[in-house]
Amino acid sequence: VRITLGLDSTSLTRRYPKLAILATLFMAFALPAGLYLAALAIFPLNTPERIDATVDALAAWCGRLVGADWQVHLAGSPYRYLVYTLFLLLVAFIAVNYAAVFGGASTWVERRVAGRMQSRIGPNRTGAAGFLAWVADAVKMVLKEDTIPASADQLLFRAAPYFSMVGLLLPFVVLPFGESTVVTDMNVGVFYAAATSAFVVVGILVSGWASNSKWALFGGIRGAAQVLSYEIPAGIAMMVPVLMAGTLSMQGIVRAQGGWPWEWFVFRNPAAFVAFFIAVTSSLAEGNRTPFDLPEAESELVAGYHAEYSGFRLAIFLMVEWANMWIMAGLAVTLFLGGWQVPQFVAEDYARLFGTGLPPSLGWFLLQVASMLIFIIKTWALVFVFIWLRWTLPRVRVDQLMSVCWKYLVPGAFLCFIVTLLWQMLVPPVGMDYTGYALTLFALLVLGKFLVDTRRNIAKVKGHRVDLSNW
Amino acid sequence: MNIERQVLRRTETSAEEIVVNFGPQHPSTHGVINFVTQTTGEIIRRSVPDVGYLHRGLEKIGELVPYPGYMPFTDRIDYLAAMFANEGYALAVERLLSVEAPPRARYIRAIAGELCRISNHFISIGTMATDIGAATPLTHALRERESVNDLLEELCGARLTFNCHRIGGVAYDLPAGWGDKVLRFLDHLDSYVQEFDRLISFNKIYVKRLANVGVITRAQAIDYGLVGPNLRGSGVKWDVRRDLPYGAYPDFEFDIPVGTGRFGTVGDCWDRYYVRVQEMLESSKIIRQALAKLPEGEIMAKVPRKLKPEAGEAVGRVESARGEMLYYVVSDGSEKAHRLRVRTGSFMAMAIIEELSHGIMVADLIAIIASLDVVAPEIDR
């Protein structure tokens with residue numbers, strides 16, 4: 001198989017074609033892996049005590065290097081908050097970069113998946129397998145002129161993308177990537193995530209208004225109505241795992257689940273099974289993904305709320321749209337699908353492997369990497385489902401959108417809530433175990449049926465197969 | 001003419017209402033059309049089509065060039081179904097000259113025409129799905145349409161503007177082995193239509209978006225002069241191929257699909273959509289019969305090099321992919337037409353949009369426009 005490499009326009013990669021492969025590998029693996037490892041190295045230290053201890057130890061170590069005896073007691077220092085702030089900025093830097101890299105890379109995944117589904121190839125020119133297309137897109141976006149319509153509300157028009165961006169970035173604070181890889185484990189984590197992610201709609205509404213364009217206004221109003229409505233079923237469905245875990249903390253909810261599928265909340269209670277689908281549907285609507293992409297419905301509203309945007313501000317809107325998939329999928333995985341839980345490892349194992357004092361043992365790090373990988377794989381799988389839905393389903397109409405929400409999802413979510421209450425009170429843990437086995441089996445059967453149907457449908461149309469020669 | 005102001009003058013407006021121009025540049029107006037829409041948000045109060053942006057004076061050109069020279073211009077009347085535009089003009093002038101195309105030419109016209117209908121309907125159902133928000137069916141439909149275009153390119157050298165027919169026959173005979181390729185494609189098409197049905201036609205959201213939307217009753221369809229699939233979608237079994245047969249069509253057995261109100265009311269958007277899907281299968285039937293019965297012989301009748309029909313008038317009516325296409329040609333005895341008039345399906349479909357637009361939603365307007373399968377150059381000519 002001959003791989004056609006892109007970046008033909010630059011003489012550098014034409015002379016050294018391996019550069020393109022290296023650049024692709026770096027962007028595709030080294031950069032995200034570096035971000036994950038940085039998160040793994042930095043996030044667990046993110047408490048005042050650990051920062052104090054780390055800074056003290058670092059200072060002593062540096063002192064030994066130069067042969068001096070440096071002693072720092074950060075805990076008693078007047079500069080401690082400066083250090084904490086620097087630390088937080090570092091954490092934020094990692095999270096923001098992760099959001100941007102994920103947002104970019106997922107556009108490539110989406111375009112490739114869409115290409116396959118639409119029996120075409122998708123981007124395959126820039127970098128190996130076209131992976132660098134999103135980098136090129138980002139560069140193009142940033143270099144473009146940032147036009148602002150003359151009749152737009154200048155201040156709000158400029159500010160709107162940042163509202164959306166804030167709504168994207170704030171939930172990253174509580175979203176756990178792994179056992180210890182979370183910026184902070186708030187005791188109101190679920191509430192915080194639901195509240196802050198709604199900031200995105202402020203950006204949509206403000207941009208729709210400030211653009212002073214009828215299309216954008218349509219999109220903004222639609223977005224506001226849609227996101228605010230779907231907050232309700234999403235919020236109630238998210239309460240089901242909260243009831244089952246007895247805590248609002250994200251890490252607490254994950255710790256109340258186990259690594260095996262029958263230990264996940266989604267399978268431990270029929271109401272949670274339903275609530276999972278309600279939550280995912282609602283988050284699709286909140287994230288403006290097809291079939292709920294009404295605020296930017298291309299065939300109706302041209303581009304909806306970002307019709308008047310260009311350049312970097314448009315890039316921010318698009319980044320929010322795609323990176324939001326990580327938040328949506330990550331929340332669903334955390335609340336319902338066992339989060340980062342590694343099968344067969346329980347909380348004591350993490351504590352035992354951590355040992356006493358810093359740094360922790362190598363085994364602990366390996367376990368952390370495993371837990372992050374599990375979370376990442378589950379989340380990407382769900383992101384793939386979102387992409388898949390987008391390129392399969394038509395768009396619903398506004399009134400249908402609202403009736404789905406208010407007539408079906410809201411009552412359904414309330415029902416799940418009440419059934420879960422009764423379930424938690426009346427069903428003993430062993431009953432939940434058996435429910436877990438039964439529902440896992442059911443899900444596997446549905447999956448099997450799906451695969452059989454798919455095979456049969458593919459066999460019906462002869463000649464359809466995955467062609468890997470032109471990747 | 002400022003139609004936006006006209007609309008406002010004709011109806012009282014309130015503070016909540018805005019007037020939106022759906023077009024002329026809009027992703028789902030299927031060309032350069034403007035729908036001046038008075039709306040209170042999602043609910044449309046009325047929507048008035050403003051046509052004429054693509055007017056190129058094609059009827060006037062028909063009076064300025066000699067009869068055979070106008071044939072390539074007819075392609076531009078309906079670029080998605082150019083075969084029928086060719087055929088209608090050829091028929092009209094042939095009647096003016098009192099000549100008839102030889103049987104083989106008539107069969108070739110039928111085969112080419114039905115292939116062109118399949119190609120056009122692929123675009124129509126694909127863009128319909130796109131307008132409803134499903135992006136994937138269009139690319140699949142376009143992929144299949146490429147096979148049709150390959151076949152037509154082999155036949156006449158062009159993929160879009162065919163210029164295939166001549167006054168008195170057709171320009172090209174079927175290439176060797178072409179019939180087998182067509183049959184292979186038709187075998188694929190029959191199974192592909194089922195795949196397309198699974199992909200989108202019976203999709204729950206798709207049906208919900210289209211059923212009971214934009215209902216055109218039988219009486220309305222007749223009153224507004226709708227033609228083709230738009231008329232048949234309302235349950236009227238009228239097809240020029242069967243009711244006013246021309247060319248080789250009397251020789252073929254085929255059904256005329258009509259709307260049945262399967263998921264809603266007869267004459268809704270889904271009916272019009274599905275009539276097109278079924279018509280592709282009927283076209284496939286016709287092509288199979290035509291290939292099986294294809295007579296040998298000439299492909300051009302004896303016509304003089306310089307066409308000077310006697311003074312008089314003639315009408316050519318064909319069932320285009322968008323319904324009845326009518327050419328009215330008046331001759332004054334010279335080698336150019338004295339008057340040429342084209343009556344097209346898309347233009348007839350535009351008038352009913354205002355009637356349908358009262359109280360519908362913005363998304364419904366898009367569905368209605370898509371279900372009427374209008375093509376801007378055919379409206380404006």
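This structure is a prediction, so every number in the text was calculated from the model and none was measured.

1. Observations concerning the confidence of the model for chain B
Residues and elements named next belong to chain B. Looking at chain B as a whole, the pLDDT averages 86, with 96% of positions reaching at least 70. By mean pLDDT, helix 1 (residues 3-10) is the weakest element of chain B at 56, and helix 12 (residues 269-293) is the strongest at 91. Listed scores for the predicted complex are pTM 0.84 and ipTM 0.81.

2. Describing the interface of chain A and chain B
Listed by partner, the interface residues are 28 residues for chain A and 35 residues for chain B. Interface area for chain A against chain B, summed over the two sides, is near 2800 Å², with a carbon-plus-sulfur share of 58%. Along the contact surface separating chain A from chain B lie 2 salt bridges. Between chain A and chain B we count 11 residue pairs in polar contact (both at pLDDT 80 or more) in total. When residues of the side of chain A that touches chain B are traced back to their parent elements, those giving at least two are helix 9 (214-245), helix 12 (298-301), helix 16 (398-426) and helix 17 (429-460) of chain A. A per-element tally of the side of chain A that touches chain B places helix 9 of chain A first, with 4 residues. Residue classes in the side of chain A that touches chain B are distributed as 11 nonpolar, 8 polar and 9 charged.

3. Here we look at the packing of aromatic side chains
Evaluation of the coordinates by the stated rule reveals 48 aromatic pairs over all chains. Ring geometry for Phe273 of chain A against Phe442 of chain A: centres 6.1 Å apart, planes inclined by 70 degrees, an arrangement best described as edge-to-face. With Phe273 of chain A in helix 11 (residues 270-286) and Phe442 of chain A in helix 17, this pair connects stretches of sequence that are 169 residues apart. Under the relative-accessibility criterion, Phe442 of chain A is labelled partly exposed at 43%. Here a set of aromatic residues connected by ring pairs shows up, and it is made of Tyr36, Tyr98, Phe102, Phe172, Phe177, Trp326, Phe375 and Trp380 of chain A. Of note, Arg381 of chain B hangs over the ring of Phe347 of chain B, and the distance from its end group to the ring centre comes to 5.6 Å.

4. Regarding the pattern of salt bridges
One pass over the full model with this rule turns up 44 salt bridges over all chains. A salt bridge links Arg222 of chain A to Glu42 of chain B, with the shortest nitrogen-to-oxygen separation between them at 2.5 Å. Placement of the pair is Arg222 of chain A in helix 9 and Glu42 of chain B in the loop between strand 2 (34-39) and strand 3 (44-50), with the two residues belonging to separate chains. A salt bridge links Arg288 of chain B to Asp187 of chain B; its shortest N-O distance comes to 3.0 Å. Placement of the pair is Arg288 of chain B in helix 12 and Asp187 of chain B in helix 7 (residues 178-201), with a sequence separation of 101 residues.

5. A short note on the sheet that holds strand 3 of chain B
Ordered by their spatial adjacency, 3 strands build an open sheet running 1-2-3 (chain B), and the pairing between neighbours is antiparallel. Both outer strands of the open sheet, strand 1 (18-22) and strand 3 of chain B, are each paired with one neighbouring strand and no more. Here the strands of the sheet are splayed against their neighbours by 20 degrees on average, with no regard to which way each runs. With 5 bridges joining them, strand 1 of chain B and strand 2 of chain B adopt antiparallel strand pairing. Note that in strand 2 of chain B the partner of Val19 of chain B across the bridge is Gln38 of chain B. In the packing of helix 9 of chain A onto the sheet, contacts are made with strand 1 and strand 2 of chain B, and the angle to strand 1 of chain B comes to roughly 110 degrees.

6. Points about helix 8 (residues 199-210) of chain A
Residue and element names in this part refer to chain A. Spanning 12 residues, helix 8 covers 17 Å between terminal C-alpha atoms, matching the ideal 16 Å at 1.5 Å per step. Listing the buried residues of helix 8 in full gives Val200, Val201, Gly203, Ile204, Val206, Ser207, Gly208 and Ala210. As for helix 8, its buried residues are in contact with helix 6 (154-169), helix 7 (189-197), helix 9 and helix 13 (311-336). In the segment just after helix 8, Asn212 is the residue with positive phi, at about 55 degrees.

7. What about the pairing of strand 7 (residues 323-331) of chain B?
Residue and element names in this part refer to chain B. By the criterion of burial, strand 7 is predominantly enclosed, with 8 of the 9 residues buried. Hairpin connection of strand 6 (residues 312-320) to strand 7: 2 residues between the antiparallel strands. Both strand 7 and strand 8 (residues 337-343) contribute to a ladder of 6 bridges, which runs antiparallel. Looking across to strand 8, one finds that Leu326 is bridged to Arg343. From the end of strand 7 to the start of strand 8, which pair antiparallel, there are 5 residues, and Gly333 there has a positive phi angle of about 90 degrees.

8. What to know about the environment of Met186 of chain A
Residues and elements named next belong to chain A. Take Met186: it is sitting in the loop between helix 6 and helix 7. For Met186, a relative accessible area of 23% translates into the label partly exposed. On a C-alpha basis, the gap between Met186 and Leu175 in space is 10.0 Å, while along the polypeptide they are 11 residues apart.

The rules we used
Residues numbered from 1 in each chain as written. Chains lettered and ligands numbered in written order. Predicted model: local features only at pLDDT ≥ 70, side-chain atom pairs only at ≥ 80, totals over all residues. Heavy atoms only, no water. pLDDT = per-residue confidence, 0-100. Helix = DSSP H or I, 4+ residues; strand = E, 2+ residues; numbered from the N terminus. Contact = heavy atoms within 4.5 Å. Buried area = accessible area lost by both parts, 1.4 Å probe. Salt bridge = Lys/Arg side-chain N within 4 Å of Asp/Glu carboxyl O. Polar contact = N/O pair within 3.5 Å; in protein donor to acceptor, adjacent residues only side chain to side chain. Nonpolar A, V, L, I, M, F, W, Y, C, P; charged D, E, K, R; others polar. Phe/Tyr/Trp six-rings, centres within 6.5 Å; stacked < 30°, edge-to-face > 60°. Buried < 20%, exposed > 50% of the residue type's maximum accessible area, 1.4 Å probe, protein only. Lys NZ or Arg CZ within 6 Å of the ring centre and 35° of its normal. Pairing = 2+ DSSP bridges. Axes fitted to C-alpha atoms, helices over the stretch in contact; angles between N-to-C directions. Expected span 1.5 Å × (residues − 1).

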